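Single-letter residue listing:
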Amino acid sequence: MVQLWCQGRCFPSVAAVIFDKDGTLADVAHYLRWVAIARAVKIAEHFPNLKALLLQAFGVIGDHLDPTGLQAVGTRQENQIAAAALVATQQVPWVSALELVRTAFEAAELKFTAKAAFTPPLPGVIELVQRLHGRGCALAIISSDRRSEIEAFLDTYHLKPFFQCWQGGDEPPTKPDPQVLLRVCDRLGVRPNQTVVIGDADSDGLMAQRGGAAGSIGVTWGWHRPPVLNYCDCILASPLEMQISAD
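In this report, we go over the structure that sits alongside the text.

Tallied over the entire structure, the rule returns one disulfide. Across a sulfur-sulfur distance of 2.1 Å, C6 and C234 are joined as a disulfide pair. Handedness of the C6-C234 disulfide follows from its S-S torsion of about 130°: it is right-handed. Residue C6 is found in strand β1 (residues 2-6), and its partner C234 is found in strand β10 (residues 234-236); the two are separated by 228 residues along the sequence. There is no split in this pair, since C6 and C234 are both buried. Take C137: it sits in no disulfide, and the sulfur closest to it among the cysteines is that of C185, at 12 Å. Exposure remark for C137: the relative accessible area of 4% places this residue in the buried category. The thiol sulfur of C185 is not disulfide-bonded, and the nearest other cysteine sulfur, from C165, lies at 8.8 Å.

Spatially, three strands are ordered β2-β1-β11 in an open sheet, and the strand pairing comes out antiparallel. Whereas interior strands pair on both sides, the edge strands pair on one side only; in this sheet they are β2 (9-14) and β11 (243-246). Across the sheet, the mean angle from the axis of one strand to that of its neighbour is 20°, orientation sign disregarded. In this structure, β1 lies alongside β11, joined through four bridges in antiparallel fashion. Residue pairing for β11: V2 is matched across the bridge by A246.

Further remarks concern the sheet that holds strand β6 (residues 138-142). Spatially, the six strands line up as an open sheet ordered β7-β6-β3-β8-β9-β10, and their pairing is parallel. With partners counted over all chains shown, the strands left at the sheet margins are β7 (165-167) and β10, one partner each. Looking at each pair of strands side by side, their axes are set apart by 25° on average, direction ignored. Its contacts with the sheet place helix α7 (residues 125-134) against β3 (16-19) and β6, and it is angled at close to 155° to β3. Contacts between helix α8 (residues 147-156) and the sheet are confined to β6 and β7, with β7 contributing the most and set at about 140° to the helix.

Thresholds, definitions, all that
- Residues numbered from 1 in each chain as written.
- Predicted model: local features only at pLDDT ≥ 70, side-chain atom pairs only at ≥ 80, totals over all residues.
- Heavy atoms only, no water.
- Disulfide = S-S within 2.5 Å.
- Helix = DSSP H or I, 4+ residues; strand = E, 2+ residues; numbered from the N terminus.
- Buried < 20%, exposed > 50% of the residue type's maximum accessible area, 1.4 Å probe, protein only.
- Pairing = 2+ DSSP bridges.
- Axes fitted to C-alpha atoms, helices over the stretch in contact; angles between N-to-C directions.
- Contact = heavy atoms within 4.5 Å.

Spelled out as structure tokens, the structure:
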């Protein structure tokens, strides 16, 4: 058990820490923006008038990506449904709209087949993971990204030995459903009230609240424009700000 200190807030008797991945562990801002643009361009080959609406829906704002937007926070399935809803406004049957978007997403992503290589760990997060692990904390990941991408990230940056388990957005339920937190806690062998969630989105804070976690720490260190976080107990701008001590 450890104590975590965040901006004067103490979380005592912490046995496990659950991280989000994209924007928390991995530097994904530029990568996700590239993918969002590629998806919109592919769909716009069929419906040019939808390109601007698609970029807006995905959260592309000029040369930046909205850290609270659909592309940054949503699962792949949620992005596909949102895009299909726009395609359906063009008098396209729903099933056909879904199929068109699925095909467009796959074609757009052919140039982004090695996501892990383009999304390295954010500065300071490896050291934070090592410090927590060294203190005996159980560590896990709950991400909206696919499980295969989580594993590729951990393998690429030699982080797999530090984490006991990980859960992807392609394994329902997804954040902020508290059941995903309870499932991971059960796999770690800890109670939710012994667990702190660290993430860069309101879905992380909501999951922690609804699942009865000891608390949630919001992070802004992964984005050019810091996200507004409404459901976290405290917010950190750098991994170096977190203090860890024996309980």
